[in-house]
Amino acid sequence: MAMRKFCASFEVRDGQEGRIFLAYFSGGVHPHGCKERAASCAIGVCPEPQQFYLPLDRHIGAPAVPCVQAGERVLRGQIVARAAGRISANVFAPAAGTVRGVVGHISPSGKKTDHILLENDFTDECVSLPPLSERTPESVLARIAEAGIVGMGGAGFPTAAKLDVRGRADVLVLNAAECEPYITCDDRILREYTEEAVQGVRLALLACGAKRAVVGIEKNKPEAIAALRGACGEEIEVRPLRTRYPQGAEKQLIYACTGRKVPEGKLPADAGVVVINVHTALAIARAVERGEPCYRRVMTVSGGACGRPQNLWVKNGTLLREVAALCEGDADCARIVSGGPMMGEPVFSLKVAAGKTTSALLFLSEAETDRRAVQPCIGCGKCVQACPMGLSPTFIEDAVFRKDLAEAVRYGAQACIGCGCCSYVCPAGRLLAQSIKLAKKQIKERGIHG
Ligand code: SF4
Ligand code: SF4
């Protein structure tokens, strides 16, 4: 298996254990950030639509189960679908109105899935979660689950389940790296809602039982770093990190912030660490302090084919076409992406609804899109140098093309984090990351071992 070791670029001292460790991951790339236009825009509000299509499955785990009937009137903040187990998430009405029923509606995958159709009555009558009578790890975890909070960086894993590590983690890492080009929503949250985001970190610390927290943030966000330093106490360390993609990938971030390596096939908690995203921390604070469940999020809308890049509060269930119209996103541009350009997903239709994990909507111009014809591999090794997981993408791709999935496993395909660095640097324009992603899916489905 072609795994390289993490390599060193500089040394930092572990604040708790007092030992020296090497904090840079190897590989990675430095794409142009393209963050300037959106980063300078204060967070605005996307107008409410007439109808919301509330997705029931925009999280990892089982889809939520509707608990309202067609014709029923609901208030903003009222639960409309219940989590189907621990790895699932409640869904809440983002506005007051009348439920029209459960309908099949296009999802990001291009398939139709169940959505609750809600007709907005624009009265904005609302209901909140009741105040917490006490703040214990159990009550905060229960509130996070009750509020339907999931990882809002894009993963969508239910946050209460993630934080419920029962004493196995001593460090909480706040992922404020935001290393994907264009995306600026976390940066703006940290600048505009600093106290709330930090309070979310404190509550997450209480919930998971960790002793201290580290905020990992790329150095290209000086305003957010300054704001955090003013708001964090001794138990929360702010650690500026070099600007290099994928600094925000979980394993790379944990290494940069703690010097710990998460073994392959293991979870961060196995290394004593829990990681949450900036927006997730904000959602936790709002659920506990205000009784606000998770029914809206800040989204970055940007790209060369977007007339008015900005960061916006967008309520779950708002169709992306409403956001596109507000931001003058060109529906006929070269490529529309949900999330970042490196790891995001192509948007097949602007009829898809925004959800808890929709961090960005990018309208990319021809000049921003790589449309080179795929050429044969020239054996330059750039993909190997760029891979932050120490893999040999070209060998894995070759094994995939030979339909030898067992060999792909031996080359470490399952360790691929899908960052796209290999495809980004390949002079032959090979779609390495896409091939490996497909291989991982097939390896899992067929239960293949190396
Ligand atoms: S997509 Fe996978 S193989 Fe390619 S650089 Fe990232 S981790 Fe390595
Ligand atoms: S970067 Fe592209 S051309 Fe170079 S070795 Fe990798 S696959 Fe081959």
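Residues numbered from 1 in each chain as written. Chains lettered and ligands numbered in written order. Predicted model: local features only at pLDDT ≥ 70, side-chain atom pairs only at ≥ 80, totals over all residues.

## What to know about the domain arrangement of the protein
At step 1: We note that the domain assignment places domain 1 (132-289) and domain 2 (382-446) within the protein.
At step 2: Taking the mean C-alpha position of each, domain 1 and domain 2 sit 29 Å from one another.
At step 3: On the side of domain 2, five residues touch domain 1, which itself brings five residues to the contact.
At step 4: A per-class count over the side of domain 1 that touches domain 2 returns three nonpolar, one polar and one charged. (Domains from an automatic or database assignment. Contact = placed C-beta atoms within 7 Å. Nonpolar A, V, L, I, M, F, W, Y, C, P; charged D, E, K, R; others polar.)

## Describing helix H2 (residues 137-146)
At step 1: Those residues of H2 that sit buried are Val140, Leu141, Arg143, Ile144 and Ala145.
At step 2: Against helix H3 (159-163), helix H5 (194-208) and helix H8 (278-289) lie the buried residues of H2.
At step 3: Two residues or fewer after H2 comes Gly148, characterised by a positive phi angle close to 70 degrees. (Buried ≥ 20, exposed ≤ 12 C-beta atoms within 10 Å, placed from the backbone. Helix = DSSP H or I, 4+ residues; strand = E, 2+ residues; numbered from the N terminus.)

## A few points about the pairing of strand E16 (residues 310-315)
At step 1: Counting buried residues in E16 gives five out of six residues, a clear majority hidden from the surface.
At step 2: For strand E3 (residues 44-45) and E16, the ladder comprises two bridges, and the chain directions are parallel. Bridge pairing in E16 places Gly44 opposite Leu312.
At step 3: Sheet analysis places strand E15 (residues 296-302) next to E16, joined by six bridges and oriented antiparallel. Within the sheet, the bridge partner assigned to Thr300 lies in E16 and is Asn311. (Pairing = 2+ DSSP bridges.)

## Considerations on the environment of Phe401
At step 1: Considering the arrangement of structural elements, one finds Phe401 in helix H11 (residues 393-401).
At step 2: Remark: the alpha-carbon pair of Phe401 and Ser435, spanning 34 residues in sequence, is separated by 8.6 Å.

## Some remarks on the site of ligand 1
At step 1: Neighbouring ligand 1 are 16 residues; Cys387, Cys416, Cys419, Cys422 and Ala433 lie closest to it.
At step 2: For the shell around ligand 1, the secondary-structure elements that each account for two or more residues are helix H13 (421-425) and helix H14 (432-446).
At step 3: It is H14 that contributes the most residues to the shell around ligand 1, three residues altogether.
At step 4: Considering only residue class, the shell around ligand 1 consists of 14 nonpolar, two polar and no charged. (Near = placed C-beta within 6 Å.)

## Focus on the site of ligand 2
At step 1: Within the structure, ligand 2 sits among 14 residues, and Cys377, Cys380, Cys383, Thr394 and Cys426 are positioned closest to it.
At step 2: Partitioned by chemical class, the residues of the shell around ligand 2 number nine nonpolar, three polar and two charged.

## A word on the sheet that holds strand E12 (residues 212-218)
At step 1: The parallel open sheet is built from four strands, whose spatial order is E13-E12-E11-E14. Two strands close off the open sheet at either side, each with one partner strand: strand E13 (236-241) and strand E14 (273-277). Strand after strand, the sheet turns through a mean of 25 degrees between neighbouring axes, direction not considered.
At step 2: One ladder, built from six bridges, connects E12 with E13; its direction is parallel. Across the sheet, Val214 pairs through a bridge with Glu237, a residue of E13.
At step 3: Along the sheet, helix H6 (residues 222-231) contacts E12 and E13; its crossing angle with E13, the most-contacted strand, is approximately 165 degrees. (Axes fitted to C-alpha atoms, helices over the stretch in contact; angles between N-to-C directions.)

## So, the sheet that holds E3
At step 1: On the basis of which strands lie adjacent, the open sheet formed by six strands has the order E3-E16-E15-E19-E17-E18 and mixed pairing. Bordering the open sheet on either side are E3 and strand E18 (345-346), each of which pairs with just one other strand.
At step 2: Pairing of strand E17 (residues 335-338) with E18, which is carried by two bridges, proceeds in the antiparallel orientation. In the strand pairing of E18, Val337 is matched with Pro346.

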